[in-house]
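Coordinates in review
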Amino acid sequence: MAANPEEDFVLKTIKSRDVHFVRFWFTDVLGRMKSFAVIPSELEDAFADGMGFDGSCIEGFCRTQESDMLAFPDASTFQVLPWRPESNAVARMFCSLRTPDGRPFEGDPRQVLARMAAKAREMGYVFNVGPELEFYYFKDAQGAEVLDRGGYFDLTSLDYASDLRRDTVLTLEKMGIPVEYSHHEMGPSQHEIDLRFTDALSMADAVMTYKLVVKEIATRHGVYASFMPKPLSGEPGSSMHVHQSLFDLDGKNAFFDPADPQGYRLSRTARCYLAGLLKYAPEFCLVTNQHVNSYKRLVPGGEAPVYLSWARSNRSTLVRVPGYRPDSEAACRLEVRSPDPSANPYLAFAVMLAAGLKGIEDGLELQPACENANLSSLDRQGLRELGVGTLPESLGEAVERFASSDLMRETLGEHIHGYLVAAKRAEWSEYQGSVSQWERDRYLAVL
């Protein structure tokens, strides 16, 4: 008999759905999905004692002499994989990782986010996020031949991938992941599927599932889906705008204040949180934009924001206050527009939350909004006159800002912080002096 109702439900569902394999999912530090399969007869022991595996084989985990790891499945994340056969079915559960002595493994990204979510709860908040992930469809992983020449919101024969998006949305919903909407994006063969907001840990699990489902459905249609931030020169990059808010423990939106004299409906809590995002964005940029290729999207004058500023209508700012339903408490949120979909969602959500909470703890004052300034038309002198800074211009600059950040070291822990500094310095060094083909070879078939 399982130790709790969720575990008991998993064991009963496995029998009723003819599940023969359960895949244990987790990510490495860079956000790449890792997995191994467990047969159902092992699950009760796995719930109680974990399943051992060799952590030295995983990027950013352990040295060989510290390789023994345990994966503990989270029964609340159990889902049968709808793209596998119904007979001899396959299911999955996300896992938390521990060392043999039972301590949480400091290199486990999922537990980093769980720890930050727990800190928010201690402060009286639940952190909710709703990401918008963009991606491209290509003919295959060896090149960048697009499937259509459609544009933003096109609904014509040009939108070749409507069937792919439909199948992806249906598959996500079968796995219990609600989708708000999907559409063709601005670039040729570029698409977006938006997930309905929920708590950050559940959403990070959903983002990892989403990326796998997008790629799985593309493969079944004989094409390739890529989350590379900037796969095509001269075309829009792919973003992961992250809508976020704090709700109190009674379910009320702590960001909402209808009496805000400036008309943004933002509370004092929201303003301090937003000030934290702007202050620490250059330090967490390495996490939300972790590749050389990420900074081909983050360029002045482009669609992606690089300016440390905020507004409601000005989409050149780093943070936007969406105004679709200004009088709705539930809709009050902040939209951080710099992250890209190659980021590890567990770490990306964790560092943004850490920045916002730090703003609340320190009572940071929020700079004025930049509603009317066309920031993309200003040089650096003009930006300085407005008091507007910018994000790092390259992976190399982002690494050094991150390396010197006490907040990032505290948020991620010494293990992950140290690994990212070393790995990304090496990536930047490797890139120096190379040509754009290096990016295509390194990223396209992976992201």
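Above this note sits the structure.
Predicted, not measured: the structure shown is a model, and the values here were computed from it.

Calculation criteria
- Residues numbered from 1 in each chain as written.
- Predicted model: local features only at pLDDT ≥ 70, side-chain atom pairs only at ≥ 80, totals over all residues.
- Heavy atoms only, no water.
- Helix = DSSP H or I, 4+ residues; strand = E, 2+ residues; numbered from the N terminus.
- Buried < 20%, exposed > 50% of the residue type's maximum accessible area, 1.4 Å probe, protein only.
- Contact = heavy atoms within 4.5 Å.
- Areas by Shrake-Rupley, 256 points an atom, 1.4 Å probe, with all protein chains shown as cover.
- Lys, Arg positive; Asp, Glu negative; His and termini not counted.
- Charge placed at Lys NZ, Arg CZ, Asp CG, Glu CD.
- 1 Å grid on protein atoms, 1.4 Å probe; cavity = no way out; pocket = protein on both sides within 12 Å on 5 of 7 lines; lining within 4 Å.
- Points joined across faces, edges and corners; volume = space filled by probe spheres on them.
- Nonpolar A, V, L, I, M, F, W, Y, C, P; charged D, E, K, R; others polar.
- Salt bridge = Lys/Arg side-chain N within 4 Å of Asp/Glu carboxyl O.
- Patch = residues over 30% accessible without salt bridge, like charges linked within 9 Å, V, L, I, M, F, W, Y side chains within 5 Å.
- Expected span 1.5 Å × (residues − 1).
- Polar contact = N/O pair within 3.5 Å; in protein donor to acceptor, adjacent residues only side chain to side chain.
- Core = buried A, V, L, I, M, F, W, Y, C linked by side-chain atoms within 4.5 Å.
- Pairing = 2+ DSSP bridges.
- Axes fitted to C-alpha atoms, helices over the stretch in contact; angles between N-to-C directions.
- Left-handed = near helix turned anticlockwise from the far one by under 90°.
- Phe/Tyr/Trp six-rings, centres within 6.5 Å; stacked < 30°, edge-to-face > 60°.
- Lys NZ or Arg CZ within 6 Å of the ring centre and 35° of its normal.
- Disulfide = S-S within 2.5 Å.

This part covers the overall build of the protein. Along the backbone of the protein there are 12 helices and 15 strands. In terms of its C-alpha atoms, the protein occupies a principal-axis envelope of roughly 65 × 50 × 45 Å. Here the protein holds 447 residues, and the buried ones make up 58% of them. Long-range contacts, defined as pairs at least 24 residues apart, comprise 70% of the intrachain contacts of the protein with a sequence gap of at least 6. Of the roughly 18,800 Å² of accessible surface on the protein, 48% is carried by carbon and sulfur atoms. For the protein, the distance from the average position of its 47 positive side-chain charges to the average position of its 63 negative side-chain charges is 2 Å.

For the structure on display, the rule yields three cavities of 30 Å³ or more. Approximately 70 Å³ is the volume attributed to the largest cavity. Contributing to the lining of the largest cavity are 13 residues, with Tyr264, Arg265, Pro322, Pro326 and Cys332 lying nearest its centre. Class assignment for the residues of the lining of the largest cavity results in seven nonpolar, two polar and four charged.

So, about the pattern of salt bridges. Tallying each qualifying case throughout the model produces 18 salt bridges. The closest approach of N and O atoms between Lys119 and Glu361, which form a salt bridge, is 3.5 Å. Of this pair, Lys119 sits in helix H3 (residues 109-122) while Glu361 sits in helix H8 (residues 345-362), and the two are 242 residues apart along the sequence. Overall, Lys119 belongs to the partly exposed group, its relative accessible area being 25%. For the salt bridge of Arg409 with Asp406, the shortest nitrogen-to-oxygen distance reads 3.3 Å. Taken together, the residues Arg409 and Asp406, both in helix H11 (residues 406-431) and three residues apart, mark about one turn of the helix. Taking relative accessible area as the criterion, Asp406 reaches 58% and is therefore assigned exposed. Among the charged side chains, a network of salt bridges with common partners joins Asp74, Arg110 and Asp205.

Quick look at a negative patch on the surface now. Residues Glu42, Glu44, Asp45 and Asp49 make up a contiguous surface patch of negative charge. Tracing the sequence through the fold places Glu42 in the loop between strand S2 (33-38) and helix H2 (43-49). Under the relative-accessibility criterion, Glu42 is labelled partly exposed at 32%.

An α-helical segment advances 3.6 residues per turn. Residues three or four places apart therefore align on the same side. In this model, helix H1 (residues 5-16) (12 residues) spans 16 Å end to end at C-alpha, consistent with the 16 Å of a helix rising 1.5 Å per residue. Of the residues making up H1, those classed as buried are Glu7, Asp8, Val10, Leu11, Thr13 and Ile14. Of the surrounding secondary structure, the elements contacted by the buried residues of H1 are strand S1 (19-27), H2 and strand S6 (89-98). Capping the start of H1 is the job of one residue whose side-chain oxygen sits 3.1 Å from the backbone nitrogen of Glu6: Asn4. Asp18 sits one or two positions beyond H1 and adopts a positive phi of about 60 degrees.

Our next topic: the nonpolar core. Grouped together as the largest cluster of nonpolar side chains are 116 residues, with contacts concentrated most on Leu246, Phe349 and Leu420. Element by element, the count of residues in this core is highest for helix H6 (residues 268-288), at 13 residues. Every residue in contact with Leu246, bar those within four places of it in the chain, is listed here: Tyr125, Val126, Phe127, Lys252, Asn253, Ala254, Phe255, Tyr273, Leu353, Leu357 and Ile360. The next biggest cluster of nonpolar side chains, apart from the first, holds 25 residues, and it includes Val10, Leu11, Met69 and Ala71.

Bringing the pairing of strand S14 (residues 317-320) into the picture now. With three bridges connecting them, strand S13 (residues 307-311) and S14 associate as parallel partners. The residue of S14 that forms the bridge with Ala311 is Arg320. As defined by bridge partners, S14 adjoins strand S15 (residues 334-336) across two bridges and the pair is classed as antiparallel. Paired with Arg320 across the strands is Glu335, a residue of S15.

Below, the discussion takes up the packing of H6 against helix H10 (residues 395-403). Close contact between H6 and H10 brings their axes to 8 Å; oriented N to C, the two are set at 120 degrees. Note on packing geometry: the crossing formed by H6 with H10 is left-handed. Together, Pro282, Glu283, Leu286 and Val287 of H6 and Leu395, Ala398, Val399, Arg401 and Phe402 of H10 make up the contact between the two elements.

One pass over the full model with this rule turns up 14 aromatic pairs. Ring centres of Trp25 and Phe94 lie 5.5 Å apart, and the angle between their planes is 85 degrees; on these two criteria the pair is classed as edge-to-face. Of the two residues, Trp25 sits in strand S1 while Phe94 sits in strand S6, which places them 69 residues apart along the sequence. The buried category is assigned to Trp25, whose relative accessible area is 3%. Phe94 gets classed as buried once you look at its relative accessible area, which sits at 1%. Between Phe26 and Phe36 the ring centres are 6.3 Å apart and the planes differ by 65 degrees, which places this aromatic pair in the edge-to-face class. Taken together, the positions of Phe26 in strand S1 and Phe36 in strand S2 put the pair 10 residues apart, joining distant regions of the chain. Both residues of the pair, Phe26 and Phe36, count as buried. Among the aromatic residues, those joined into a ring-pair cluster are Phe24, Phe26, Phe36 and Phe53. When the ring centre of Phe72 is taken as reference, the NZ or CZ atom of Arg98 above it lies at 3.9 Å.

What follows concerns the state of the cysteines. Across all of its chains, the model carries zero disulfides by this definition. Looking at the unpaired Cys332, the closest cysteine sulfur is the one in Cys272, lying at 14 Å. Distance from the sulfur of Cys370, which forms no disulfide, to the nearest cysteine sulfur (Cys285) is 18 Å. Residue classification places Cys370 among the buried residues on the basis of a relative accessible area of 10%.

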